[in-house]
Each structure stands twice: as structure tokens, then as C-alpha cells.
Protein chains: 2
Amino acid sequence: MQRSNLGIKDLAKLADVSIGTVDRVLNNRSGVADSTKERVLRIIKETGYKKNVVASRLKLAKNKVIKIAILVPSAKNELSYWNLPLQGVDSAVDELSEMGISIDYFYFDLLNHQTFSDQIDKILKEEFDALITVPFFEFESNRLLGKAKELNIPVVFLDTERDLLFPGNFIRQNSFNAGMVAGRLLHGLIGDQGTYVVVNILNDRGKQINNFQRESGFRSYFEDCVEEEHIKLHTINHPLEDQFDLVPELKDLLDPNQQLGIFVTNARSFLLPDILASNHISNARIVGFDLNDKNISYLKNGSIDFLINQKPQFQGYAAVKGIYKYLTEEDMSQLNIDIPVEIVIKENVEYYTPFGRGVEF
Amino acid sequence: MQRSNLGIKDLAKLADVSIGTVDRVLNNRSGVADSTKERVLRIIKETGYKKNVVASRLKLAKNKVIKIAILVPSAKNELSYWNLPLQGVDSAVDELSEMGISIDYFYFDLLNHQTFSDQIDKILKEEFDALITVPFFEFESNRLLGKAKELNIPVVFLDTERDLLFPGNFIRQNSFNAGMVAGRLLHGLIGDQGTYVVVNILNDRGKQINNFQRESGFRSYFEDCVEEEHIKLHTINHPLEDQFDLVPELKDLLDPNQQLGIFVTNARSFLLPDILASNHISNARIVGFDLNDKNISYLKNGSIDFLINQKPQFQGYAAVKGIYKYLTEEDMSQLNIDIPVEIVIKENVEYYTPFGRGVEF
DNA sequence: GTTATATTCGTTAACGTACACGGAATCTAT
DNA sequence: ATAGATTCCGTGTACGTTAACGAATATAAC
């Protein structure tokens, strides 16, 4: 890291031109002779010049605000998961407010592809500098990436990774890896002799990419780590309904002499403890995802053993910061982030909960 | 958050004075009549003006560099723990380099109080704007805080919290809480029937505050959470020697029919697996602290089950950022931080290791 | 040789804050 | 009454970057 700390003015002196010319070279604008351009470029390389982003944004903050759009599923209520990335986004925008940055929110309906497409079109028309969204619809995501590539607008996808026709930027947890983590945690609690159940609680949209990957990672853990003998490992795919009761399916699987390990592949692990209790199943351990209020309260009373945090607030925060870094420094390194698979238990949950002890996300 | 985004110039216009006068009021310098001062203050309040820190630092970066000193134990080698906070410090300084900030490193000898005191005196003479250090010596830490208070220099302590005569700033993990976390993790693996051993591996300096607090938290977990029946819970305090062998003490405690849960209260949990193996003890589970290379390699091969991360790099990083925020915005909120008790296992260790997948500390 | 048209480059005024400098007004002392 | 001190406040420059403006030179067309 070459912290030379010299400015455009010094470059000008060294290259024996004016700062205007150096500026033209740096922002490769037209109107500079090839010979001088070469000379200036040489000086830039030799000195390891790095532009002062702060001064640059100070100048530009008024006229050239960086406009970011975020398009997420419309939330049913204020406790919705999708408010969390938005919180992080707000927090980053607030931090960068002095640098001239603005954010506009757009929403689509998870059950309606068209609403996503319509919003995308609207956003692309309004000349935003960057877009944050989710890759839930494959076809539409591909269409988006194609258009964005033409317009040279960076797109960052949150929450889920998926293969697309163009390379995309993803800020999300590796769900396969998260499943492996869940595998070890549950295995540690239950041991080789127990019965294991992967519970996919499906909503209107059915099984999502994350569910598949988490289950796959979970199974992979047991394939890798357990002496090949037959671990009893089952899967239940259950639609989410008003009167929700897993037990008929569970009962067949359950050996009362064995411990039961339950891995819930989404945020609805809070549904399990009551069902288990009402059916007098007491030897079960649960690992689930996400720090929603219900999950947290069951974690605190011991009904849920582990929660895995995918840091949704941080995803939004990091997306904005990454975009800012890319647009101001042409550094793309922060546009692709593997969110740590954070393990949360009763004793450390307060660090991860909003307004808890933590300062980070 | 009132993002009015108006500047000192707008304030001046509103108050019908010049920007110079507004500046004098803001930085409460002398030379402004009470009546106008009052008027300006009213405008400031009404508009919710917030100074543009970035522009301010741009102006001051050259002449008024923020000078920070960091005083840590001298490292035996490059892999030493104390290089980690320094890495974080460097990283923060790098991030803030455009804002005019500099760091100077000082070292003391952990076995010699006097070296600490001498370095403190040296630092205080050189007119630093802030100091980062560790509170390992009680008397000397008190002396430091007293002097720093006089000179109005903020001090941030890393790694360990301790009661001192003046209120201090601490960026550290709550070790009691970390012990509780270890308790639950080990209890989950071993269950009520096992034997538990807290191992304090002592070096030249004996038992440290963190060791006490971690053990205390660990014991507290079992008091709170386990149905009062007698959990078998023992403590071994063992000096660190070349030929280190815990087993004589362990053997007395060990029931071959029971699982053994070992909680190592410092970073030396890597010493245990070999000792256990050479004595044919195979039913032991280990929870330790810190992501040093040896611990990580045992974590990866399954000899250690959990490691607790206290994010030493982040501690250094956060200290510098907190000091910067305090000195530029008079916001002390980032000078006291409870580091999350991060749970690390084989499957997620790569997120926490330097040059791993993570972007944060 | 004059005018038009590019091409290349220097000058300068911002962005918001800090602070030195000095001007103007009021007050004190002789 | 006038010099000097004091109080109050406005002006101007600087931080590093950007970009509009225009000056200088070269090339082309008549």
C-alpha cells in the first residue's frame, strides 16, 4: 500500500503540465495529446497516485449524487424479513450522506413475476447509478442482467445465489455451507444414534433455492463426517397452512428411545416447539435460521438450540458500501460477499439482535 | 435523523452574519457578542445543522493530523496474538488515511511493569491525540487514566475489562458471557452425565482476569441451566511448562464410562489433544479460545470442537474508528464496545480467519 | 494572408469547513 | 479630543478534485 499522499497538483508539477491535463488523463476525457497522456500516465504509475475520494465527492456531492435503487419483495408488515436489509441500506446511506448518495425503494409481489419486471423497467428508465435486488425469478433476473450490462449499471443481488446467463454480484450466505454448519451442530447434540429430520416448511412459493442448498449441505455433512454407518436421516416437505401439524409424518419416523434432531431450512423453526410439545415429544433438538422475534423467544426458553444468522441488515449495508466503493474507486471487490455463517445461541443472541450490544450488523 | 444538508454558509445567511461568525460560534471560539451568539445558536438548533466532517477533515488533514499511539505487549514473533489488533489498527488507519490520521506503535514487556510506565510517559510527552492500550497492570492503568484525564486525552483499553479509579473506555469481549457460551456448547455435546474440567493453562504471569471471568461464566451457566443435580465440574490450574502433561490430575477425575468436557480458558487449547491422545483418552470434547494456527488445525481435524473468537483485529479496528468519531464528532458511543462472542467450528472457520472469505473482521 | 476549425492545454471557480488576517466600531485613557 | 486598546465580525485563502471556460497553437480552407 503506497500511501504517497500526493495530489493531482503534485502530479501536474512532476509531469510539467497543468492540473487540468492531469485531470483529463485521470478521468480519461478527450483533448490531451498522446505524448503528454503517456507521460502523465507514467508519472501516475511511478508515484502510485491514488485519488482522494473524499475531496472528489465533496466537489461532486451537490451536482452528481449517486442514485441507488433497491427492489425487494413487498413486506406484509413491519416485522417482515425484508425490512432488515432495508435497515442496513438506510444505515449505510446515512453514513455516506455527506458524500452525495441517495436511495429509492421499490417493491414487487413475490407471487407475481410481472410486478418484478415492471419495476425493473421503471428503475432502468429513471437512470439510477446502481441497483440492489434479489434473484428470485430466473428469467427476469437474466433479462435484468442483460439490460444492466448494456446500460453499464451495476446490479447487486441479495439473499440468494443462482446461476445466471451473465456473471452477477451476490451478497449472500453460502447456504450449502450453512447446512453443513447445521449438520455439525445438530450432530454434536444428538450423536450417531439419533434420528434426524430435515423440515422444509413451504409457503405459497414452494421450495426455494436456499432450502435445497441448506438441505444438501446438511446431508453432505453427514456423508462426510459420520462413519458411513446408516445415520437415520429423513426429509419432510410440508406446506405452511393455518392448521399446521407435522406429527403424523414425524410419528412414523420417531423412535421414542432415540433423540430427535430437527433441521428447519428456513425462518419458521418457531412452528416446531409447540407442535412437539402438544404431542409430548420432549427429546427433540432444533436448529433453524434467522433471528425473528419468535425464533429468538424460543431460543431463549430453550426450545430451539441453535439459530443461524445470515445478517440480513449487513447484506443491505454492505451492498450500498460496495456500490459506493465501486462507483468511486472502480473497486469491485466488495460487490461479492460471502456472509459468515453465524452461530447463535441463547447466551450470545443479544449481540446479534437489533439494539442489542453489538455495534456492527 | 435530520438530514438537512445545509452548510455553514446557509446558517450565516439565515442568521444574517458571516460564515466567520458562525464558525466562531460552532467551534466556540471567543470574539462574538452574546446577542448574536444566541441568535446563531438558535438557528443551529432550529435547522438541526450537522457539520460536514468530511469537508472539515479535508481542510485539516494536512496541518492537524490526528495522532494516535498504541501500546501493546511486545510480540515474540510474527504469529503473536498482539499482531492481530495491530492489523486491525492498520486497516482502520488505511481507511481513514485521507482524513489525516497517523498511528505510532509502542511496546512494553508483559513481565515488567516499569516498561509500561516508561512508555506511557514517553507517549504523554509527545502530545498524541489518543491512546490505545491494555489494562494489564492495575496501578499503572490508574496512573495513566489520571494523567490522561488531566491532559484530556482519550484512552481506549483493549482485550480485558477491569475496574479502575476513573471510568475508562473498553473494547473487549465480556469474558463472563463467553464462559456462559462455552458452558452451553460443551453441555450440548456432553450432557448432564459427563465430567467437566476447566483448564487454566498459566504462563509466567499466572491467572489473568479473563481466565477468572471465563471460568466464572462457565460455572454460572451450569448453576443456572442444569437441574441442580451434581454436575461433575472440576478446575485444573496448570503452569505452562516445556514438558506439559495434565494427565496425572485428569486421571483422578476421569471416569472411563463418562464423556469428558474440557474448557480451556485461554488460547492454548491446542495443547490438549496431543496429551489426551498419548494417554488414550478418546471421549473428550474441547472448547477453547482464539483462532491461532494450532487451534484452527485441531479444529479442522476434529480434535477441538468449538473455538470462541474475540475478534482481536476488529478490536484494533474499532478502537481507531471510535477514536476518530469521538475526536471529529464528539461522539463517544463507539469507544465502549462489547465484542460479540463468536462461535467457530470447522465448517465456518474460514469466515473468521484472515484472508478467508470474510470482508469484515 | 485571412478566416474558420480542431486540438491541446492552462486557469479558475466551486464543494463545506477552518482559521489567519485585518477592518470597523466601540470603549478607555490621557 | 485623539491615540490606543478592545471587542466584534467579515474577507480571503486553503484542503484536493472536478469541470466549465477560454487561451494558445496548429491545421485546413478559401
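What you are looking at is a predicted structure, and each value in this text was computed from that prediction instead of being measured.

Reading the values: the criteria
Residue numbering note: each chain is counted from 1, following its sequence as written. Chain letters start at A and ligand numbers start at 1, both assigned in the order the entries are written. Selection of residues for local features in this predicted model requires a pLDDT of at least 70, selection of side-chain atom pairs for listing and counting requires 80 or more, and totals for whole chains, interfaces and linings are taken over all residues. The side-chain quantities take in all heavy atoms of the structure and omit both hydrogens and water. Whether a residue is near a molecule or strand depends on its heavy atoms: it is near if one of them lies within 4 Å of it. Pairing of N or O atoms within 3.5 Å defines a polar contact, subject to two protein rules: one partner must be a possible hydrogen donor and the other a possible acceptor, and residues neighboring in sequence count only if both atoms are side-chain atoms. Helix and strand labels come from DSSP, where a helix needs a run of H or I of at least four residues and a strand needs a run of E of at least two; each type is numbered from the N terminus. Each residue gets one label: Ala, Val, Leu, Ile, Met, Phe, Trp, Tyr, Cys and Pro are nonpolar, Asp, Glu, Lys and Arg are charged, and the others, such as Gly, are polar. For Phe, Tyr and Trp, rings pair up if their centres lie within 6.5 Å, where Trp contributes its six-membered ring, and each pair is then called stacked (planes under 30 degrees apart), edge-to-face (over 60) or tilted (otherwise). Using a 1.4 Å probe on the protein chains alone, a residue whose accessible area is under 20% of its type maximum counts as buried, one over 50% counts as exposed, and one in between counts as partly exposed. We call a charge positioned above a ring when the Lys NZ or Arg CZ atom is no farther than 6 Å from the ring centre and deviates by at most 35 degrees from the ring normal. Counted charges follow a simple rule, with Lys and Arg positive, Asp and Glu negative, and His plus the chain ends left uncounted. Each reported salt bridge corresponds to a side-chain nitrogen of Lys or Arg within 4 Å of a carboxyl oxygen of Asp or Glu. Whether two residues are in contact is decided by their heavy atoms, any of which lying within 4.5 Å being enough. When DSSP finds two or more bridges between two strands, those strands count as paired. To define axes, lines are fitted to C-alpha atoms, for helices over the stretch in contact only, and angles between the resulting N-to-C directions are given on a 0 to 180 degree scale. The scheme is simple: roughly parallel for angles under 35 degrees, roughly antiparallel for over 145, roughly perpendicular for 65 to 115, oblique for anything else. To estimate how far a helix should extend, the number of its residues minus one is multiplied by 1.5 Å. Arc definition: it is the arc formed by the directions from the helix axis to the C-beta atoms. Buried area is calculated as the accessible area (1.4 Å probe) missing from two parts once they are joined, with the contributions of both summed.

1. Things to note about the protein's contact with DNA strand C
- Within the structure, DNA strand C sits among 27 residues, and S18, A33 and K62 of chain A together with I8 and Y49 of chain B are positioned closest to it.
- Each atom of DNA strand C within 4 Å of the protein was assigned to sugar, phosphate or base; sugar and phosphate come to 63%.
- Measuring from a base nitrogen of DNA strand C, one finds a side-chain N or O atom of R24 of chain A at 2.9 Å.
- Between T36 of chain A and DNA strand C, the recorded distance is 2.8 Å, taken from a side-chain N or O atom to a phosphate oxygen.
- Mapped by element, the contributors of at least two residues to the surface near DNA strand C are helix 2 (19-26) and helix 4 (53-60) of chain A together with helix 1 (8-15) and helix 4 (53-60) of chain B.
- Counted by class, the surface near DNA strand C contains nine nonpolar, nine polar and nine charged residues.

2. Quick word on the packing of aromatic side chains
- Under the definition given, this model contains 26 aromatic pairs over all chains.
- Each ring, one from F108 of chain B and one from F116 of chain B, has its centre 5.0 Å from the other, and the planes form 80 degrees; the classification is edge-to-face.
- Residue F108 of chain B is classed as buried on the basis of its relative accessible area, which comes to 2%.
- Ring centres of F218 of chain B and F263 of chain B lie 4.6 Å apart, and the angle between their planes is 20 degrees; on these two criteria the pair is classed as stacked. With F218 of chain B in helix 9 (residues 209-225) and F263 of chain B in strand 8 (residues 260-264), this residue pair connects regions lying 45 residues apart in the sequence. The same class applies to F218 of chain B and to F263 of chain B, which are both buried.
- Through a chain of ring-to-ring contacts, the aromatic side chains of Y196, F218, Y221, F222, F263 and F289 of chain A assemble into a single cluster.
- Between the NZ or CZ atom of K67 of chain A and the centre of the ring of F128 of chain A, over which it lies, the distance is 4.5 Å.

3. Some words on the side chain of D290 of chain A
Residue and element names in this part refer to chain A.
- Structurally, D290 can be placed in the loop between strand 9 (284-289) and helix 12 (293-300).
- This buried residue, D290, is left without a salt bridge; R214 holds the nearest opposite charge, at 5.3 Å.
- Those residues in contact with D290, other than ones at most four positions away along the chain, are Y81, A267, N295, L307, I308 and Q310.

4. Focus on the sheet that holds strand 9 of chain A
All names here are of chain A.
- Reading across the sheet, the six strands line up as 7-6-8-9-10-12 and stay open at both edges, with mixed pairing between neighbours. Each of the sheet's edge strands pairs with one partner strand only, and the pair in question is strand 7 (232-239) and strand 12 (342-344). On average, each strand axis in the sheet is tilted by 20 degrees relative to the strand beside it, whichever way the strands run.

5. What about the packing of helix 1 of chain B against helix 2 (residues 19-26) of chain B?
Residues and elements named next belong to chain B.
- Packing of helix 1 against helix 2 brings their axes to within 8 Å, and their N-to-C directions diverge by 105 degrees. Classified by the interaxial angle, the pair formed by helix 1 and helix 2 is roughly perpendicular. Facing helix 1, whose interface residues are I8, K9, L11 and A12, helix 2 presents I19, V22, D23 and L26.

6. Looking at the protein's contact with DNA strand D
- Taken together, 28 residues lie around DNA strand D, and I8 and Y49 of chain A together with S18, T21 and K62 of chain B are the ones closest in.
- In DNA strand D, the atoms that sit within 4 Å of the protein are 62% sugar and phosphate, with bases accounting for the remainder.
- A distance of 2.9 Å separates a phosphate oxygen of DNA strand D from a polar side-chain atom of R29 of chain A.
- In this structure, S56 of chain A approaches DNA strand D through a side-chain N or O atom, which is 3.3 Å from a phosphate oxygen.
- Counted by class, the surface near DNA strand D contains ten nonpolar, nine polar and nine charged residues.

7. Re helix 13 (residues 312-329) of chain A
Residue and element names in this part refer to chain A.
- End to end, helix 13 covers 25 Å across 18 residues, agreeing with the expected 26 Å (1.5 Å per residue, within 8%).
- Most of helix 13 sits inside the fold, with 13 of its 18 residues counted as buried.
- The first or second residue beyond helix 13 is E330, which carries a positive phi of 55 degrees.

8. Overview of the sheet that holds strand 7 (residues 232-239) of chain B
All names here are of chain B.
- Taken together, the six strands give an open sheet; going across it, the order is 7-6-8-9-10-12, and neighbouring strands pair in mixed fashion. Taken across any chain shown, the strands that pair with only one partner, and hence form the sheet edges, are strand 7 and strand 12 (342-344). Across the sheet, the axes of successive neighbouring strands diverge by a mean angle of 20 degrees, strand direction being ignored.

9. A word on helix 4 of chain B
- Taken residue by residue, helix 4 of chain B has V53, V54 and R57 of chain B as its buried positions. Taken end-on, helix 4 of chain B shows its buried residues confined to a sector of 95 degrees, consistent with a single buried face.
- Buried residues along helix 4 of chain B sit against helix 4 of chain A together with strand 1 (66-73) and helix 13 (312-329) of chain B.
- Structurally, the start of helix 4 of chain B carries an N-cap: the backbone nitrogen of V54 of chain B is 3.1 Å from a side-chain oxygen of N52 of chain B.

10. Side note on the interface of chain B and chain A
- Chain B puts 44 residues into the contact, and the matching count from chain A is 43 residues.
- For the pair chain B and chain A, the two sides together bury roughly 4,000 Å², of which 54% comes from carbon and sulfur.
- Remark: the boundary between chain B and chain A carries two salt bridges.
- Residues E347 of chain A and R184 of chain B are paired through a salt bridge, measuring 2.6 Å at the closest nitrogen-oxygen approach.

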